[in-house]
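Chain by chain, the residues:
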Amino acid sequence: EREQTASAPVTPGALADGTPIPLLANLGSGDGAAHAVELGAEGVGLFRTEFLFLDAGDTAPSVDEQTEHYVRVLSAFAGKKVTVRVLDAGADKPLPFLNDADEQNPALGLRGLRALRAREGILRDQLAALAAADAQTEADLWVMAPMVSTVEETEYFVDLAHEFGLKTAGIMVEVPSIALLAKRAFAASDFASIGTNDLTQYTLAADRLLGTVASFQDPWHPAVLQLIGAVGQAGAEAGKPVGICGEAAADPLLAVVLVGLGATTLSMSPSALADVRLSLARFDGDAAQHLAQIACDAADAASARAAVTDAASSLQ
Ligand code: PEP
Ligand code: MG
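This is a predicted model, so every value here is computed, not measured.

Cut-offs and rules
Residues numbered from 1 in each chain as written. Chains lettered and ligands numbered in written order. Predicted model: local features only at pLDDT ≥ 70, side-chain atom pairs only at ≥ 80, totals over all residues. Helix = DSSP H or I, 4+ residues; strand = E, 2+ residues; numbered from the N terminus. Rg over C-alpha atoms; globule rule 2.2 N^0.38 Å. Buried ≥ 20, exposed ≤ 12 C-beta atoms within 10 Å, placed from the backbone. Expected span 1.5 Å × (residues − 1). Contact = placed C-beta atoms within 7 Å. Pairing = 2+ DSSP bridges. Axes fitted to C-alpha atoms, helices over the stretch in contact; angles between N-to-C directions. Near = placed C-beta within 6 Å. Nonpolar A, V, L, I, M, F, W, Y, C, P; charged D, E, K, R; others polar. Parallel < 35°, antiparallel > 145°, perpendicular 65-115°, else oblique. Left-handed = near helix turned anticlockwise from the far one by under 90°. pLDDT = per-residue confidence, 0-100. Arc of directions from axis to C-beta.

**Focus on the overall build of the chain**
(1) Moving on: Along the chain, the regular secondary structure elements total 15 helices and eight strands.
(2) Moving on: A compact globule built from 316 residues would reach a C-alpha radius of gyration of about 20 Å, and the chain, at 19 Å, matches this within 12%.
(3) Moving on: Each of the three principal axes of the chain carries a C-alpha extent, and together these read 55 × 50 × 35 Å.
(4) Moving on: By the burial criterion, 48% of the 316 residues in the chain qualify as buried.

Below, the structure is given as structure tokens:
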């Protein structure tokens, strides 16, 4: 382990033609930050703040407690981008003081930004803590909201974050409605980050927690990829970054397809960074777009994966 960390710094993510594709880390606390940097994370594409709230018990953590927590992760990435997601409570991440346990379909209920709007004080405290942490550190802080489904919600969140002095505010694209309205969303939002776990769940109408429908939870599905492509195109037209922060970004071959669909950064569990870095370096932009087209033209997830695997090996 020690020898590995003493070796030359890891090269940044890039395609074979040199196009940079920054590779970022998904983190849930400041603890993993140093290790992520050792593994070559060029920043943080998704800092999940749920754990801080889950650990706090029956109430939300105070602004000061939150500030300290955010300072810890921001300090580890001085000069680099850190994308913090505001609290994503509900559905697979229930919080007793925020969510209504009586919902029949919690994934379709008051979760993510919807839950925060119903208790706006919690959102305001979190944005205040993030602004305070930003003032104390040198990282490039981006903030984003989960489970955004309308343009109005996009405007609401981005405007509120800007009011708190947070310069770069955006949305997660996890619901098909906002993927389809990406052009309008980008008019309000500084960036988008696609959460492929939820986007797959909502596109295929298959609960991501339910074993009986687990086979539907496959981000190679062409319907999911076409939605990602629509967001990528809208982002390119608007000149705004489009990140991917769901599990899909950690699949080395799918990562190439995602770049072909217009992703400008990929964020993943730090352990996946090395394999994705190697895979991107094998293909140029034209090859990535060609593979993306093959995947989008497939009938289902299995044939998309098989056709891209075939085409990729013949490109080598
Ligand atoms: C996602 O939905 O893809 C995502 C990154 O968020 P989470 O898995 O935390 O819901
Ligand atoms: Mg999600």
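**Quick word on helix α7 (residues 151-163)**
For an α-helix the count is 3.6 residues per turn, leaving residues at separations of three or four pointing the same way.
(1) Moving on: The terminal C-alpha atoms of α7, which comprises 13 residues, lie 18 Å apart, in line with the 18 Å expected from a rise of 1.5 Å per residue.
(2) Moving on: Every buried residue belonging to α7 is among Val151, Glu153, Thr154, Phe157, Val158, Leu160 and Ala161, and all of these are buried.
(3) Moving on: On its buried face, α7 sits against α5 (113-118), α6 (120-136), β4 (140-145), β5 (168-173) and α9 (182-188).

**Looking at the sheet that holds strand β2 (residues 43-48)**
(1) Moving on: Strand order around the closed barrel formed by eight strands is β1-β2-β3-β4-β5-β6-β7-β8, with parallel pairing between neighbours. Strand-to-strand twist of the sheet, defined as the mean angle between neighbouring strand axes without regard to direction, takes the value 25°.
(2) Moving on: Across the sheet, helix α11 (residues 222-238) touches β5, β6 (192-194) and β7 (242-244), and the angle it forms with β6 is around 160°.

**Side note on the site of ligand 1**
(1) Moving on: Every residue close to ligand 1 is listed here: Leu46, Arg48, Asp88, Glu174, Gly195, Thr196, Asn197, Asp198, Cys245 and Gly246.
(2) Moving on: Residue assignment for the shell around ligand 1 shows that the elements contributing at least two residues are β2 and α10 (196-204).
(3) Moving on: Here the shell around ligand 1 gets three residues from one element, more than from any other, and that element is α10.
(4) Moving on: In terms of residue class, the shell around ligand 1 is built from two nonpolar, four polar and four charged.

**A short note on the packing of α10 against α11**
(1) Moving on: One can describe the packing of α10 onto α11 by two numbers: an axis separation of 9 Å at closest approach and a directional angle of 120°. Classified by the angle between their axes, α10 and α11 sit oblique to one another. In terms of crossing hand, the pair formed by α10 and α11 is right-handed. Facing Thr196, Leu199, Thr200 and Thr203 of α10, the residues of α11 in contact are Ala223, Val224 and Leu227.
(2) Moving on: By residue class, the composition of the contact of α10 with α11 is four nonpolar, three polar and no charged.

**Quick word on the environment of threonine 59**
(1) Moving on: Tracing the backbone shows threonine 59 in the loop between α3 (50-55) and α4 (63-75).
(2) Moving on: C-alpha separation for the pair threonine 59 and phenylalanine 97, spaced 38 residues apart in sequence, amounts to 6.2 Å.

**Some thoughts on the packing of helix α12 (residues 252-260) against helix α13 (residues 273-280)**
(1) Moving on: Their axes nearest at 8 Å, the elements α12 and α13 cross at an angle of 55°. Taken together, α12 and α13 sit at an angle that is classed as oblique. The handedness of the crossing between α12 and α13 is right-handed. In this structure, α12 contributes Pro252, Leu253, Ala255, Val256 and Val259 to the contact, and α13 contributes Asp275, Val276, Ser279 and Leu280.
(2) Moving on: Tallied by class, the residues present in the contact of α12 with α13 amount to seven nonpolar, one polar and one charged.

**Some words on the pairing of β2**
(1) Moving on: Here β2 lies mainly inside the structure; five of its six residues are buried.
(2) Moving on: Alignment of β2 against strand β3 (residues 81-85), held across four bridges, turns out to be parallel. Residue pairing across strands places arginine 48 opposite arginine 85, the latter belonging to β3.

**Quick notes on the confidence of the model for the chain**
(1) Moving on: Per-residue pLDDT for the chain has a mean of 95; in total, 97% of the residues score no lower than 70.
(2) Moving on: Scored by ipTM, the complex comes to 0.99, with pTM at 0.96.

**Side note on the pairing of β3**
(1) Moving on: Burial runs high along β3: five of the five residues are buried.
(2) Moving on: Going residue by residue along β3, you find Lys81, Thr83 and Arg85 tucked away on one face and Val82 and Val84 tucked away on the opposite face as well.
(3) Moving on: The pairing of β3 with β4 spans five bridges and is classified as parallel. In the strand pairing of β4, valine 82 is matched with leucine 141.

**Considerations on α4**
(1) Moving on: Its 13 residues give α4 an end-to-end C-alpha distance of 18 Å, which sits within 8% of 18 Å, the value for a rise of 1.5 Å per residue.
(2) Moving on: Looking at α4, one finds that the buried residues are Gln66, Thr67, His69, Tyr70, Val73 and Leu74. Down the axis of α4, the sector holding all buried residues measures 165°, keeping them to one side.

**Notes on unusual backbone geometry**
Note: most peptide bonds trans; most residues except glycine with negative phi.
(1) Moving on: The backbone of alanine 91 shows a phi angle near 55°, a positive value even though the residue is not glycine.
(2) Moving on: Looking at the element boundaries, alanine 91 is found in the loop between β3 and α5.

**Observations concerning the environment of valine 82**
(1) Moving on: Inspection of the secondary structure assignment puts valine 82 in strand β3.
(2) Moving on: On the basis of neighbour count, valine 82 is assigned to the buried category, with 29 C-beta atoms found within 10 Å.
(3) Moving on: Spatially, the C-alpha atom of valine 82 lies 17 Å from that of phenylalanine 164, the residues being 82 residues apart in sequence.
(4) Moving on: Contact partners of valine 82, with chain neighbours within four places excluded, come to Gly43, Val44, Phe47, Val73, Leu74, Phe77, Ala139, Asp140 and Leu141.

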